[in-house]
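Topology and contacts: notes
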Amino acid sequence: MVDLRESIRRRIREGACVTVNQLVAEVAEEAGVPRSWVAYEVYLMWKRGELNVESEPVDNTVMFLFNIEGVWYWVTLALTLASVAAVMLINNGPLMPIRYALGALSVLFLPGYALIEALYPRGDEVSPLERLALSIGLSLAVVPLVGLLLNYTPWGIRLIPVVASDAVLTIALLTVAAFRKAKYAQIPGHCFT
């Protein structure tokens, strides 16, 4: 029977930086034992202090957005696009309450929420209740400024320009927030030393 501890030590000495999955797979294949045995032995060696596992954060915005931590971005983006579609496509009939609800959400909450996420990306600076209050308050401050700017454009203050500019502002702020949040996300890459 192969000594798993010695195989693990030898594999770590050979490789410059090995992930836990790579180490377990290679030692299990070499020794002809199940991966769970090797994983358990690696865990025991780490607990005894025989292995040092270093964690290095990976700066990758795409990984952040497609990770569980990026769900807030996709939900907010979907709500923004759904509100644009509802306001543009529903003109009358039984679906008008949906238009009103999504329209109110896109005017009274989403722009401020996106701005708060961009200003406070870590999430621990502001409590959830303060985040909610600031989102509503900043939306009530930002949306009139967008209307004021639209007043001086050839499009004026009409439904389509207001909805489009509100959506563009929200999406732009969401994207800035996503990039800022990705800096603080800890997507670890593990190495043995």
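Since we're looking at a predicted model, the values are computed, not measured. (Residues numbered from 1 in each chain as written. Predicted model: local features only at pLDDT ≥ 70, side-chain atom pairs only at ≥ 80, totals over all residues. Heavy atoms only, no water.)

**A closer look at the pattern of salt bridges**
Summed over the entire model, instances satisfying the criterion amount to eleven salt bridges. R9 is paired through a salt bridge with E50; the nearest N and O atoms lie 2.7 Å apart. Placement of the pair is R9 in helix 1 (residues 4-14) and E50 in the loop between helix 3 (35-48) and strand 1 (53-57), with a sequence separation of 41 residues. The class for R9 is partly exposed, based on a relative accessible area of 29%. Close ionic contact of E117 with R131 constitutes a salt bridge, the shortest N to O distance being 3.0 Å. With E117 in helix 7 (residues 110-119) and R131 in helix 8 (residues 128-151), this residue pair connects regions lying 14 residues apart in the sequence. By sharing partners, the salt bridges in this structure join R5, E6, R9, E41, R48 and E50 into a single network. (Salt bridge = Lys/Arg side-chain N within 4 Å of Asp/Glu carboxyl O. Helix = DSSP H or I, 4+ residues; strand = E, 2+ residues; numbered from the N terminus. Buried < 20%, exposed > 50% of the residue type's maximum accessible area, 1.4 Å probe, protein only.)

**Some remarks on the packing of aromatic side chains**
Centre-to-centre distance and the angle between the planes together describe a pair of aromatic rings. Within the structure shown, the criterion is met by five aromatic pairs. A centroid spacing of 5.5 Å and a plane angle of 35° characterise the contact between F66 and W74, whose relative ring orientation is tilted. Classification of F66 by relative accessible area gives exposed; the value is 64%. When the centroid spacing of 5.4 Å and the interplanar angle of 20° are considered together, the rings of F109 and Y113 count as stacked. Directly above the ring of W72 sits K181, whose terminal nitrogen or CZ lies 5.2 Å from the centroid. (Phe/Tyr/Trp six-rings, centres within 6.5 Å; stacked < 30°, edge-to-face > 60°. Lys NZ or Arg CZ within 6 Å of the ring centre and 35° of its normal.)

Any functional reading would require information that these geometric values do not contain.
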